[in-house]
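# Coordinate inspection notes
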Amino acid sequence: QVQLVESGGGLVQPGGSLRLSCTVSRNIFSISSYVMAWYRQAPGKQRELVAAISSGGITNYVDSVKGRFAISRDNAKNSVYLQMNSLEPEDTAVYYCNARLMGGLNILRGYWGQGTQVAVSS
């Protein structure tokens, strides 16, 4: 059962931009109370957190994308976005959307998308 649907991936040249989108399948839940995040996994590497945004709009990023990527959310559209600028070949990976409902430090509920491929190459 698909719960998060990503789109916007593709092939782009170094220095280019892409905007990833993530929506909730059939609006089966509202993201308004969820921490939303983007992860990525490159071939042969572990999945890593790229960016996250809290329900209150606080953002954080992995150091390698600071100043280049921007995460945002639109609760009315039940969607989260990742604007990626100045893309580098090292950004090549499958990007996954994640939603998690936190209860203090505990994850009460979580969802993943199926991923969208981003390839940065000349």
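The preceding data block contains the structure.
Residues numbered from 1 in each chain as written. Predicted model: local features only at pLDDT ≥ 70, side-chain atom pairs only at ≥ 80, totals over all residues. Heavy atoms only, no water.

## Some details on the environment of R40
In plain terms, the rule: The numbering of helices and of strands both runs from the N terminus, where a helix is a DSSP run of H or I of at least 4 residues and a strand a run of E of at least 2. Exposed residues in this analysis have more than 50% of their type's maximum accessible area, buried residues have under 20%, and partly exposed residues fall in between, with area computed by a 1.4 Å probe over protein chains only. Any two residues having at least one pair of non-hydrogen atoms within 4.5 Å are treated as being in contact. Distance and chemistry together define a polar contact, namely a pair of N or O atoms within 3.5 Å, with one atom able to donate a hydrogen and the other to accept it when in protein, and with adjacent residues in sequence counting only for side-chain atoms on both sides.
Along the chain, R40 turns up in strand β4 (residues 35–41). On the accessibility criterion, R40 (7% relative accessible area) is buried. Each C-alpha atom of the pair R40 and T116 lies 9.3 Å from the other, and the pair is 76 residues apart in sequence. When neighbours within four sequence positions are excluded, R40 is seen to be in contact with Q46, R47, E48, V50, S64, V65, F69, E90, D91, A93, V94 and Y95. Polar side-chain contacts of R40 include one of 3.0 Å to the side chain of D91.

## A word on the layout of surface pockets
Just so we agree on the cut-off: In the cavity and pocket records, a cavity denotes points on a 1 Å grid over the protein atoms alone where a 1.4 Å probe fits but cannot get out, a pocket denotes an open set with protein on both sides within 12 Å along at least 5 of 7 lines, and lining residues are residues with an atom within 4 Å of a point. Grid points are joined across faces, edges and corners, and a volume is the space filled by probe spheres set on the points. When residues are grouped by polarity, Ala, Val, Leu, Ile, Met, Phe, Trp, Tyr, Cys and Pro land in nonpolar, Asp, Glu, Lys and Arg in charged, and all others, Gly among them, in polar.
There is about 180 Å³ of room inside the largest pocket. R40, A42, K45, E48 and E90 are, among the 14 residues lining the largest pocket, the residues nearest its centre. Taken together, the residues that form the lining of the largest pocket break down as three nonpolar, four polar and seven charged.

## Overview of the state of the cysteines
So the rule is basically this: Pairs of cysteine sulfur atoms within 2.5 Å are identified as disulfides in what follows.
This model, assessed by the stated rule, comprises one disulfide. Sulfur-sulfur distance for the disulfide between C22 and C97 comes to 2.1 Å. Measuring handedness by torsion sign, the sulfur bridge of C22 and C97 sits at about -85° and is left-handed. Linking C22 in strand β3 (residues 18–24) with C97 in strand β9 (residues 93–103), this pair joins segments that are 75 residues apart in sequence. C22 gets classed as buried once you look at its relative accessible area, which sits at 1%.

## Examining the sheet that holds strand β7 (residues 69–74)
In plain terms, the rule: In this description, strands pair whenever DSSP reports at least two bridges between them. Each axis is a line fitted through C-alpha atoms, and for a helix only the stretch in contact is used; angles between axes span 0 to 180 degrees, taken between their N-to-C directions.
The antiparallel open sheet is built from four strands, whose spatial order is β1-β3-β8-β7. Where the open sheet ends on each side, the last strands, each with one partner, are β1 (4–7) and β7. Put simply, the sheet's adjacent strands are angled 15° from each other on average, direction ignored. Here six bridges tie β7 to strand β8 (residues 79–84), and the two strands are oriented antiparallel to one another. Within β8, the residue paired with A70 across the bridge is Q83.

By themselves these figures say nothing about function.
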